[in-house]
Amino acid sequence: MKRKVIYQKRKSISLQVINETLVIKVPYNIKMELVDSFISKKQKWLDKQYELNKRFQLFLDKPVNILGEWYPIVLRDGKFSIELINNQIIIIKPKSLSEEATVQRLRKYLNNQLELLIQEAIDECHLKKEFEYNELKIKKLTASWGNCSSKKRLTFSTRLIHTSLPFIHAIVCHEVSHLFEMNHSKQFYDCLQYFCPTYKQDIIEFTRPTI
Ligand SMILES: [Zn+2]
């Protein structure tokens with residue numbers, strides 16, 4: 001695992017696994033021994049982050065993680081299609097389609113599946129309390145799971161498809177609550193609690209806390 005140390009005006013150490021790199025944010029003038037001992041204490045948490053990171057990557061010769069389950073890919077020649085059948089991802093592709101282009105199409109397929117799940121979660125929220133939003137987008141976000149703009153645009157990370165249904169539901173409830181309260185005020189958490197009473201338990205597994 002590559003390491004990247006960023007010196008900042010801050011009081012504590014923060015760790016984040018971004019792609020294949022451990023990003024360590026530290027205060028100026030900190031001793032490296034201190035950072036090393038901090039990291040070794042967090043090894044268990046780090047192992048979990050590395051494991052989670054593996055889920056986010058797509059390769060044609062490796063199983064794909066969808067909602068926590070691993071599905072092997074079976075490649076066949078023919079007119080392009082992707083289907084999930086009998087716990088396998090069957091990708092039929094013309095020989096001319098490159099590996100990179102195939103992975104891109106697989107990502108698009110996963111994004112479409114994710115969008116359906118997110119739409120369902122939004123509809124569920126809507127039944128509890130009415131709201132309006134302008135756009136729903138699935139984007140490659142790596143530092144967050146989602147966001148809600150002041151223009152009422154909801155954006156979610158493509159990575160959510162590799163987490164779990166309760167987690168996706170919790171993230172959707174979080175962003176929908178921002179349609180009512182833009183900040184993380186008490187009112188915001190009251191609203192979130194209303195949409196998702198189990199938020200804290202649901203979120204804990206995949207949150208990427210900075211420690
Ligand atoms: Zn928020």
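Residues numbered from 1 in each chain as written. Predicted model: local features only at pLDDT ≥ 70, side-chain atom pairs only at ≥ 80, totals over all residues.

A few words now on the overall build of the protein chain. If you tally the helices and strands in the protein chain, you get six helices and eleven strands. When its C-alpha atoms are laid out on the principal axes, the protein chain stretches across 60 × 45 × 30 Å. For the protein chain, buried positions account for 19% of its 211 residues. Taking as baseline every contact in the protein chain between residues at least 6 positions apart, the subset at least 24 positions apart corresponds to 41%. (Helix = DSSP H or I, 4+ residues; strand = E, 2+ residues; numbered from the N terminus. Buried ≥ 20, exposed ≤ 12 C-beta atoms within 10 Å, placed from the backbone. Contact = placed C-beta atoms within 7 Å.)

Glancing now at helix H5 (residues 186-195). Because an α-helix completes one turn every 3.6 residues, residues spaced three or four positions apart along the sequence face the same direction. Of the positions making up H5, those classed as buried are Cys191, Leu192 and Phe195. For H5, the arc enclosing every buried residue in end-on projection is 100 degrees, short of the 170-degree limit, so these residues lie on one face. Turned more than 90 degrees from where H5 packs its buried face, Lys186 and Asp190 sit exposed. (Arc of directions from axis to C-beta.)

Our focus in this paragraph is the domain arrangement of the protein chain. Split into domains, the protein chain comes out as domain 1 (2-55) and domain 2 (98-204). Between domain 1 and domain 2, the C-alpha centre-to-centre distance is 27 Å. (Domains from an automatic or database assignment.)

The next point concerns the nonpolar core. Generally speaking, a soluble globular protein has its nonpolar side chains buried in company with each other. The biggest cluster of nonpolar side chains holds 24 residues, and the ones touching the most others in it are Phe156, Leu160, Ile168, Ile171, Val172, Cys173 and Phe195. Breaking this core down by element, the ones donating at least two residues are helix H3 (99-128), strand S11 (153-157), helix H4 (165-177) and H5. It is H4 that contributes the most residues to this core, seven residues altogether. The residues touching Phe195, leaving out its near neighbours within four places in the chain, are Cys125, Lys128, Cys173, Val176 and Ser177. (Core = buried A, V, L, I, M, F, W, Y, C linked by C-beta atoms within 7 Å.)

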